[in-house]
There are 4 protein chains.
Amino acid sequence: MVRIGVLGCGRIGRMHAANIAAHPEARLAMVYDVDAGAAAEVGAAFGAEVAGSAEAVFASGAVDAVLVATATPTHADYIEMAVAAGKPVLCEKPIDLSLARVEACARAIAGKGVPVQLGFNRRFDPGHRAAREAVARGEIGDLHQVVITSRDPGMPPRSYYEVAGGLFRDMTIHDFDLARFMLGDEPVEVVAMGGRLIDPGLMEELGDHDTAMILLRTADGKQCHINNSRTAVYGYDQRVECLGTKGMVQSQNRRAHEMVRSTATATGIAEPALFFFIERYAEAFRAEIDAFLRVVRDGGEPEVGFEDGRRALVLAEAAYLSLAEGRVVKVSEVG
Amino acid sequence: MVRIGVLGCGRIGRMHAANIAAHPEARLAMVYDVDAGAAAEVGAAFGAEVAGSAEAVFASGAVDAVLVATATPTHADYIEMAVAAGKPVLCEKPIDLSLARVEACARAIAGKGVPVQLGFNRRFDPGHRAAREAVARGEIGDLHQVVITSRDPGMPPRSYYEVAGGLFRDMTIHDFDLARFMLGDEPVEVVAMGGRLIDPGLMEELGDHDTAMILLRTADGKQCHINNSRTAVYGYDQRVECLGTKGMVQSQNRRAHEMVRSTATATGIAEPALFFFIERYAEAFRAEIDAFLRVVRDGGEPEVGFEDGRRALVLAEAAYLSLAEGRVVKVSEVG
Amino acid sequence: MVRIGVLGCGRIGRMHAANIAAHPEARLAMVYDVDAGAAAEVGAAFGAEVAGSAEAVFASGAVDAVLVATATPTHADYIEMAVAAGKPVLCEKPIDLSLARVEACARAIAGKGVPVQLGFNRRFDPGHRAAREAVARGEIGDLHQVVITSRDPGMPPRSYYEVAGGLFRDMTIHDFDLARFMLGDEPVEVVAMGGRLIDPGLMEELGDHDTAMILLRTADGKQCHINNSRTAVYGYDQRVECLGTKGMVQSQNRRAHEMVRSTATATGIAEPALFFFIERYAEAFRAEIDAFLRVVRDGGEPEVGFEDGRRALVLAEAAYLSLAEGRVVKVSEVG
Amino acid sequence: MVRIGVLGCGRIGRMHAANIAAHPEARLAMVYDVDAGAAAEVGAAFGAEVAGSAEAVFASGAVDAVLVATATPTHADYIEMAVAAGKPVLCEKPIDLSLARVEACARAIAGKGVPVQLGFNRRFDPGHRAAREAVARGEIGDLHQVVITSRDPGMPPRSYYEVAGGLFRDMTIHDFDLARFMLGDEPVEVVAMGGRLIDPGLMEELGDHDTAMILLRTADGKQCHINNSRTAVYGYDQRVECLGTKGMVQSQNRRAHEMVRSTATATGIAEPALFFFIERYAEAFRAEIDAFLRVVRDGGEPEVGFEDGRRALVLAEAAYLSLAEGRVVKVSEVG
């Protein structure tokens, strides 16, 4: 039984807490949130102790490992604290919005041998993973192209944008990681187009984007396209397609159920794509916990670790540079 | 170049005329209809001679083979005349509404060696045929169950019902033939339920049915279900499913194109199933002509012949007996 | 927090125990099994007390309600004991294989006001339920036809058959209930065909069937077809289709994920249908517990109760009579 | 009856000849090919006169309009000759591989009032067109993103590459036109990545590409992605997707029929996407002739004309410039 402390009791922290509580091999030992009420509520719901501070969680002898689901600016600190305390940590993405801070964090935790897993949940989605495994097994021959469609069902509130760090660091960062996962290789070139189409006023004011298209290329020429939008009214649109010399695999959207209607004007009328990430990636979030428990129990490298978080952020920085200069950017220019 | 005479220039006759005219190996030599205007119109459209009588078509030295698409009561006579004239004939279903007349016709044409092909177009549908071929190749192992869904998009007019001969002889007859085709075997038992759900008044008055469910069984126990309705508002619903010990094949509906919509409330919104038989079975009607031309040219048995027409009618009669007596009927009781 | 005692710790009992343990509003208070080891194992896994006898569960002050997942011959006794003890009970189907025993049980529990819910899980499947709700809302106009496809992925062992009570009482009973649910009405006529196609020797020896097709009709003429097989190698095939005057709804199979392959010979290659009932109906089993908790907490009639169990068995008996006599049977002849 | 002369009796010319011959409102009056045998063969097959020279076709009083399906280097000359002869012309794409030649041709035919239709067949595909019409009707709100997937089933022979003019001018040119059609607007920026992944040796030698990804942007920020490959072994992959503020439309691949298989390892196993353009775009090629006949008969602008051909080539040139300089190119830099 792995005893886990959860830092952050917001929407995603609460979901992780529930998954841990329901896991046959884990126990939700302790929870913490800057909002003591939120922590108390989650603690009560799942019978976990409520810590008075983040430090108390790291220091606790009743906690074997830590899950960090707090606000982004605390991630790097908490990773460092977890590693210093010798407690394996599963941290939500991104590590930090600043590449310099990420690299300082990397130096701080280097060589400590404490597993740091990053919350790139999509790698654990059964469909995406089955696609990657088919590619890795050679089922589609040599991989040539990857197309990632990643669209949110709607615009988050202004308050979210103010701290999110920009579309590429906040949203596309998942796709940059997924691109690396599906390619099984490192992109060396990036070119990006950013748009302000949904709420031009707000995007202009914040210097952010709500719509984007990106191309990536690996050293041996494999190509990847990512498209992002914050306005997929038909659900959370999460698709991956891989083309190779022997075929194609596609991980498609998931619906709440498979009831379809036929009327006088249309057939095939099905449910929207699952809203939102907690529903769409429910199995992925559970599998992510499984993977973390394996690492805590058996040691070894996490399936997706700190360096993956750093590289995704490097791709985001390269995309911003491409946007600024209207050109194809070499990833090595950035990090 | 096979020179074909077409008897009957209504909706289906005109379609056959167009297919023959467009066929690289056939020529529409002559057309005839009791309505001289209809014949003139089709003759002009496709550059064919207009005959003054059906007899003239059978007698003509410029006609190698005949396609009969006239009213049902003329079918058996025209088949007999074609055979007497030594001209291969492709006759629309049914041969006749009376089993006695069909059997008399059988005796009249027996041993003449003139090919008679029946217009059971569904056997030539690419999807249904691919399903049958997969079954015949053993792809699904031993065949156990066949499910045929066959629903018209809407009710025909009263005038149609008055001469059609009843649901089982008019509409289900296609499904009885398809059942035999998919089963690759003869049903020996039939049980039927008939309903008057769409227009109970008219159906009651005419002693007809607009809705039906039927079960068939072969001597070795293979089972088949047919469901019929005259009210599939979402299109002409034409599906076949075969279950065997190693898998299942399904021939599904066809749409005009593959454009699908996703909205705030639904995904997968596609076109209705193709309306109506001329559109849905366009390829089947062309392939039926191909098959007929092969028989005219090369001789041999038609892929679907007179005896198939007779057996389908026997199944219809067995279904009516089942309806009347509320029991499972042995096909041998009827014919 | 509703405290539940689970009787029966086999495959399905264990699944229910896990669902109850993970439910935020329920507690797995006690478990029992004739096999003490099985009970001990489940008790330990979910932190529940292990009872020494079924009686101890019904008598316990720490148990608010009971879930019965034991062998069929005990169901009616345990329902009676639960009702006598004033404890709401969720009992797996069937109530009993004998209609006489079921009716004796009905008399024994009549008027006691203790909720008895039957384990017809399919009514709680999100897809099937969405289909029923669409029908009930009038989305497809007047309902005319229901088609239920219900095929197991493979043959159960001989030991299962020896006690299962025959295909219609064991397997089709779910479909009879689903037919009543989808029709929103009572079938008044039944006709059945049973087959021995997969393992003819065993089926002959046991007087059982492995393949079946059935037709049902309601008093106002709505028609329903059920097809059953024990050999759907492509997964647990569970589909429902409803045709009405304004359209059609179909609840289709569910896959583990939505990854599809395209190769040089095929496209659309997807996962098998989910194996087996615990996986396919995972959400349904959870929703069934939700519904039971509502009844325990708030009182009122269960969504699917004892009388539903009785009526499904009556339809099974009618189907056997139809099989024996080769005719359409009136349900009123049987019960 | 419009009398049409066809120049070029290769694969695509022959297909056009057959479509014209089968069209109820057109007549295949004359054919010509540099290979006299090819012309004779097509002439005989469809009963058309065989011309001794291209000039003879343009000069013939028996020809109302001309279809040009000859080798690319002759297109601009034949367009000029057709216009000079006052005969409406439907010319296969591209107008020419040289933008300078295209612009000279534009000047030569300017103001003559003779319709010139370009063979961008995809605009006439029922699915693509339905998608465009849904967008134009506002069904998906404001259009934000277009994704075009366009992959050939296999590599053409070396001889084809030697004269094709490069991937962007030969293959992507269809997608550039389709992008303009779906966007309903002009791209103002282009960035491209080209790959040599399938046959690196040949592509290197010829300076060509077999794999590509492209981004386009319109003045108001709409984004478009095109991906190309010459190795879609699962068929001719031709898809278009449009995302807007109120939904998404997708024009998907078409199969020869809708038969699907389920086995012990997979479900949904369907036919490959239709091979190749003549099959996949059969309806589009026929509708293209319909549109041409309307223009010949009624006058007015062709639905897709010379300027569309020029603009598609400009986008190809911009893509090559992007490739050469590794940057986002303004379309106005090129043409």
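Residues numbered from 1 in each chain as written. Chains lettered and ligands numbered in written order. Predicted model: local features only at pLDDT ≥ 70, side-chain atom pairs only at ≥ 80, totals over all residues. Heavy atoms only, no water.

Undergrad: It is not clear to me how the overall build of chain A should be interpreted in this structure. Could you clarify?
TA: When helices and strands are counted, chain A shows 13 helices and 14 strands. In terms of C-alpha radius of gyration, chain A reaches 20 Å, essentially the compact-globule figure of 20 Å for 335 residues. Each principal axis of the C-alpha atoms in chain A carries an extent, and together these give about 55 × 55 × 45 Å. Here chain A holds 335 residues, and 64% of them are scored as buried. Surface accessibility of chain A: about 11200 Å² in total, with carbon and sulfur atoms responsible for 52%. Side chains of chain A give 35 positive and 46 negative charges; the mean places of these two sets differ by 3 Å. (Helix = DSSP H or I, 4+ residues; strand = E, 2+ residues; numbered from the N terminus. Rg over C-alpha atoms; globule rule 2.2 N^0.38 Å. Buried < 20%, exposed > 50% of the residue type's maximum accessible area, 1.4 Å probe, protein only. Areas by Shrake-Rupley, 256 points an atom, 1.4 Å probe, with all protein chains shown as cover. Lys, Arg positive; Asp, Glu negative; His and termini not counted. Charge placed at Lys NZ, Arg CZ, Asp CG, Glu CD.)

Undergrad: How should I be thinking about the interface of chain C and chain B in this particular structure?
TA: You'll often see interface size given as the accessible area lost when the parts meet. Contacts between the two partners involve 46 residues from chain C, matched on the other side by 46 residues from chain B. In total, chain C and chain B occlude about 3400 Å² of area from one another, counting both sides; carbon and sulfur atoms represent 65% of this. The interface formed by chain C and chain B contains 4 salt bridges. Its salt-bridge partner being Arg-151 of chain C, residue Glu-241 of chain B comes within 2.8 Å of it at the nearest N-O pair. Counting across the interface, chain C meets chain B through 14 residue pairs in polar contact (both at pLDDT 80 or more). Contributions of two or more residues to the side of chain C that touches chain B are made by strand E7 (143-151), strand E8 (187-195), strand E9 (211-218), strand E10 (223-229), strand E11 (237-244) and strand E12 (247-251) of chain C. Per-class residue counts for the side of chain C that touches chain B are 18 nonpolar, 18 polar and 10 charged. (Contact = heavy atoms within 4.5 Å. Buried area = accessible area lost by both parts, 1.4 Å probe. Salt bridge = Lys/Arg side-chain N within 4 Å of Asp/Glu carboxyl O. Polar contact = N/O pair within 3.5 Å; in protein donor to acceptor, adjacent residues only side chain to side chain. Nonpolar A, V, L, I, M, F, W, Y, C, P; charged D, E, K, R; others polar.)

Undergrad: What am I meant to see in the domain arrangement of chain A here?
TA: Residues and elements named next belong to chain A. We note that the domain assignment places domain 1 (2-114) and domain 2 (123-279 + 311-333) within chain A. For domain 1 and domain 2, the distance between their C-alpha centroids amounts to 27 Å. Facing the 10 residues of domain 1 at the interface are 13 residues of domain 2. When domain 1 packs against domain 2, close to 910 Å² is buried across both sides, 75% of that on carbon and sulfur atoms. Our count for the contact surface shared by domain 1 and domain 2 stands at 1 salt bridge. Asp-170 serves as the salt-bridge partner of Lys-93, at 3.6 Å between the closest nitrogen and oxygen. If you list the elements that add at least two residues to the side of domain 1 that touches domain 2, you get helix H1 (11-22) and helix H5 (99-109). When the residues that make up the side of domain 1 that touches domain 2 are grouped by side-chain class, the tally is 6 nonpolar, 1 polar and 3 charged. (Domains from an automatic or database assignment.)

Undergrad: Would you mind showing me how to read the relation of the copies chain C and chain B here?
TA: The second copy of the chain is related to the first by a rotation about an axis and a shift along the axis. When chain C is fitted to chain B, the residual RMSD is 0.0 Å, and the transformation amounts to a turn of 180 degrees plus an axial shift of 0.0 Å. Classification of the inter-copy transformation places it as that of a two-fold axis. Rotation axis and chain C: the residue whose C-alpha lies nearest the axis is Arg-327 of chain C, separated from it by 1.9 Å. The fraction of interface residues of chain C whose copies in chain B are also interface residues reaches 100%, indicating that both copies meet through the same surface. (Least-squares fit on C-alpha atoms with pLDDT ≥ 70 in both.)

Undergrad: Is there a simple way to think about the interface of chain D and chain A in this case?
TA: With 46 residues of chain D at the contact, the number on the chain A side is 46 residues. At the boundary of chain D with chain A, total buried surface from both sides reaches about 3400 Å², with 65% on carbon and sulfur atoms. Between chain D and chain A we count 4 salt bridges in total. Among the ionic pairs, Arg-239 of chain D bridges to Glu-241 of chain A, the shortest N-O distance being 2.9 Å.

Undergrad: How should unusual backbone geometry be read in this particular structure?
TA: Phi is mostly negative for residues that are not glycine, and the peptide bonds are mostly trans. With an omega of -20 degrees, the peptide bond running from Phe-275 of chain A to Phe-276 of chain A counts as cis. Inspection of the secondary structure puts Phe-276 of chain A in the loop between strand E13 (259-262) and helix H11 (277-280).

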